Amino acid sequence: MSEMLTYSFMQRAFIVGNVIAVIAPLIGVFLIMKRLALIGNTISHVALAGVALGMILGIYPVYMALLISVIAALGIERMRKSYQDYAELSLSIILATGLGMATILISLAPNSAGIMSYLFGSITLVTRQDLSIVIPLGIIIILVVFKYYYGLFYLSFNEEDARLSGIPVRFLNIVFILIISLTIALSMRIIGGLLIASLISIPVATALQLARSFKGTIIYSIFFAVVSVNSGLTFSFYYDLAPGGTIIITGVAILVLVIGLQKLKGYRKQPDFS
Amino acid sequence: MKKIVEVNDLSFKYDRDFILQDINLVIEQGDFMAFLGPNGSGKSTLIQLLLGSLKPTSGEVKVFGVAVEHFTDWGRIGYISQQVKNFNQSFPATVKELITAKLYQQMGFLKLSNSRLQPRIERALALVDMLDYQDRQLGSLSGGQQQRVFIARTMVSEPEVIFLDEPMVGVDSRAQDDFFQLVNRLNNELGITVVMISHDIHVVSSQANRVVCLVDRRLYHHQGDEFDYSCYLEGVRGKNRLVPEHLHQVVD
Ligand SMILES: Nc1ncnc2c1ncn2[C@@H]1O[C@H](COP(=O)(O)OP(=O)(O)O)[C@@H](O)[C@H]1O
Ligand SMILES: [Mg+2]
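Throughout, residues of each chain are indexed from 1 in the direction in which the sequence is written. By the order in which they are written, chains take letters starting at A while ligands take numbers starting at 1. Local features are withheld for residues below a pLDDT of 70 in this predicted model, meaning they are given only at 70 or higher, and side-chain atom pairs are given and counted only at 80 or more; totals for whole chains, interfaces and linings count all residues. To obtain the side-chain values, all non-hydrogen atoms of the structure were included, while hydrogens and water were left out.

**Some words on empty space enclosed by the protein**
Residue and element names in this part refer to chain B. Our working rule: Buriedness for pockets is judged along seven lines, at least five of which must meet protein on both sides within 12 Å for an open set on the 1 Å grid over protein atoms alone, while cavities are sets there where a 1.4 Å probe fits but cannot get out, and lining residues have an atom within 4 Å of a point. Grid points are joined across faces, edges and corners, and a volume is the space filled by probe spheres set on the points. Starting at the N terminus, helices and strands are each numbered in turn, a helix being any DSSP run of H or I of at least four residues and a strand any DSSP run of E of at least two. Three residue categories are used. Nonpolar comprises Ala, Val, Leu, Ile, Met, Phe, Trp, Tyr, Cys and Pro, charged comprises Asp, Glu, Lys and Arg, and polar comprises the others, including Gly.
This model, assessed by the stated rule, comprises 4 cavities of 30 Å³ or more. Space inside the largest cavity adds up to approximately 110 Å³. Taken together, the elements giving at least two residues each to the lining of the largest cavity come down to β6 (77-80) and α4 (143-155). Looking at the lining of the largest cavity element by element, the count peaks at 4 residues for β6. Class assignment of the residues belonging to the lining of the largest cavity gives a composition of 6 nonpolar, 4 polar and 3 charged.

**Looking at the interface of chain B and chain A**
Condition: Every residue pair with non-hydrogen atoms within 4.5 Å of one another is taken to be in contact. What counts as buried area is the accessible surface, traced by a 1.4 Å probe, that two parts surrender upon association, with contributions from both included. Salt bridge criterion: a side-chain nitrogen from Lys or Arg within 4 Å of a carboxyl oxygen from Asp or Glu. Definition of a polar contact: a pair of N or O atoms within 3.5 Å, with one able to donate and the other able to accept a hydrogen when the atoms are protein atoms, and with sequence-neighbouring residues admitted only if both atoms are side-chain atoms.
Each partner contributes to the interface: chain B provides 29 residues, whereas chain A provides 28 residues. Approximately 2,500 Å² of surface area, both sides summed, lies buried where chain B meets chain A, with 64% of it carried by carbon and sulfur atoms. By the criterion of area lost to chain A, the three top residues of chain B are F91(B), P92(B) and Y104(B), representing 26% of everything that side buries. One salt bridge in this structure joins D161(A) and R153(B), with 2.9 Å as the shortest N-O distance. Counting the contacts that link chain B with chain A gives 12 residue pairs in polar contact (both at pLDDT 80 or more). At the level of secondary structure, the elements contributing two or more residues to the side of chain B that touches chain A comprise α2 (95-101) and α4 of chain B. At 4 residues, the largest contribution of residues to the side of chain B that touches chain A is made by α2(B). Grouping the constituent residues of the side of chain B that touches chain A by class yields 16 nonpolar, 9 polar and 4 charged.

**Things to note about the confidence of the model for chain A**
Cut-off, in case you're wondering: The score called pLDDT rates the predictor's confidence residue by residue, from a low of 0 to a high of 100.
Confidence along chain A averages 91 in pLDDT terms, with 97% of residues attaining 70 or more. For chain A, helix α1 (residues 2-5) of chain A is the element with the lowest average pLDDT, namely 83, and helix α8 (residues 149-157) of chain A is the one with the highest, namely 97.

**What about the coordination of the magnesium ion (ligand 2)?**
Residue and element names in this part refer to chain B. Counted only if it meets this: Coordinating donors are taken as N, O and S atoms within 2.8 Å of the metal, stretched to 3.2 Å for Na, K and Ca; because water is absent from the atoms, sites can appear incomplete. Only protein chains enter the accessibility calculation, which uses a 1.4 Å probe; a residue whose area is less than 20% of its type maximum is buried, one above 50% is exposed, and one in between is partly exposed.
Taken together, the protein ligands of the magnesium ion (ligand 2) are S44 (OG) and Q82 (OE1), with distances of 2.0 to 2.2 Å. In this pair, S44 is assigned in helix α1 (residues 43-50) and Q82 in the loop between β6 and α2, connecting sequence segments 38 residues apart. Q82 gets classed as partly exposed once you look at its relative accessible area, which sits at 32%.

**Observations concerning the site of ligand 1**
Residue and element names in this part refer to chain B. Rules: For this description, a residue counts as near a given molecule or strand if any of its non-hydrogen atoms is within 4 Å of it. What sets the accessible areas is the Shrake-Rupley method with a 1.4 Å probe; for residues, cover comes only from the shown protein chains.
Close to ligand 1 lie Y14, I19, P38, N39, G40, S41, G42, K43, S44 and T45, which account for all nearby residues. With respect to ligand 1, the backbone of K43 contributes an N or O atom lying 2.8 Å from an oxygen atom. S44 places a side-chain nitrogen or oxygen 2.7 Å from an oxygen atom of ligand 1. Relative to its unbound accessible area of 560 Å², ligand 1 is 57% covered by the protein chains. In terms of residues, the shell around ligand 1 owes the most to one element, α1, which gives 3 residues.

**Concerning a nonpolar patch on the surface**
Residue and element names in this part refer to chain A. Put simply, the rule reads: Patch building starts from residues that exceed 30% relative accessible area and form no salt bridge, then joins like charges within 9 Å and nonpolar side chains (Val, Leu, Ile, Met, Phe, Trp, Tyr) within 5 Å.
Judged by side-chain polarity, I56, L57, I59, Y63, I104 and L108 come together as a nonpolar surface patch covering roughly 550 Å² of accessible area. Going through the elements one at a time, α3 (37-57) and α5 (87-108) are the ones with two or more residues in the nonpolar patch. Of note, I59 is situated in the loop between α3 and α4 (61-82).

**Considering a negative patch on the surface**
All names here are of chain B. Here is the rule we go by: His is not counted, nor are the chain ends, whereas Lys and Arg count as positive and Asp and Glu as negative. Where a charge lies is defined by one atom per residue type: Lys uses NZ, Arg uses CZ, Asp uses CG and Glu uses CD.
Judged by side-chain charge, D129, D132, D172, D177 and D178 come together as a negatively charged surface patch. Within the secondary structure, D129 is located in the loop between α3 (118-127) and α4. We classify D129 as exposed; its relative accessible area is 60%.

Laid out in structure tokens, this is it:
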């Protein structure tokens, strides 16, 4: 363990990983409760196109991913209003467009090997530049959630009820989708664009097994994400595996374990008729 | 008397056919107004228009003297929609969290709960006798208990008017009695204006001081004491009128 932390790239990976382990499930809880988990997948695929575009244009890919995913997020929010009844369909179309563009741009990119690290995540490639974006933006995202906590809560319960409680629904929806797109773009480096949506949803799914309140769901989600990220990064280091995969598979293993334990508890609670 | 709601020449259609046409309505402070009419006559639509959830095709709605599209002081209005029970039953929120959220406009810079709001939340829960259930998850409560939580949520912002859209459908009759007593108390003792859609003819005739019938896209007004079953019969039978139309003189 301590040997691993003597490498400065591992220190950076752990710092970035833990920031993401907090913000991804934090926004994930609101997203899942709004039943919009697909938005995470959609934005991350569009962000991949941004990464490839950045590589072609010689712009730092994370910046380009941030820009493109923010634009996509605003587009999604608009479409969600116009095609309310077909929200999933419009998301699937944007997802397909993003992935299609990404594939074309990757084939044009000069260094298509480098793109792998953005697809599946990488621990060795986390740079100082990454740190200098992830830490401040991570803090901003956490503050925004605190600032609008009960507004975001109500929005995920029922938008019309929220409006009738004086919550600025349109404004908060835009704020929310912006912080989602920032979270996704920031997470690409270490989790990878193909897997980030899972870090947004799996810890929340695990938390829902245990939590009895909204606040509890958030706390449990973050806890499970932090555990997954730190053990995933450790496995990734010692066995030389892609970190995105080890993090997500650890998360799934925890989910299965928790569901199993809940089932066991359920059996024990059953009255004994024998 | 202060006007709570004022509707001028309002017409509304969802797509092709008008649901409401050239409606005029004034709801005054202290009123207990009941909307009656057959299913599909536009009662829920009318309430949604009054609350700005739907935009009129023509005409205007004012609440507390302000055009509803510019109204912001939502704490003064309470609403329990017909769909209130169609929420995600596994939403992981406690009773207290749900009620706290309604106080969004009363929170400070950070939209988080604080000790200043706590007594108000407890008062609202005590009103419906649900104080012991604060930390229970919403989905773990019975239908009647959930209903009471939604009433507490409506009352926590201390509204001056409450809109209730068939609030007691699907709740057992004891819970209904309790509920109508509560609404009566809110109206009589606290002077809260009540606007209610209900098919319970007994409640409507004994408690409402004004009854509004929706028939054929129009409103017909009655004072509570002059209200008889004619409107109701017309309501339930719709266009197969048993009662001649001349009974409906607008009393405005
Ligand atoms: N969202 C909607 N889109 C189109 N038509 C609607 C919608 N909601 C209600 N309607 C129609 O408007 C009419 C009035 O409905 P509603 O206001 O719910 O009636 P009530 O509450 O009196 O039963 C009905 O014919 C209904 O089918
Ligand atoms: Mg209705």
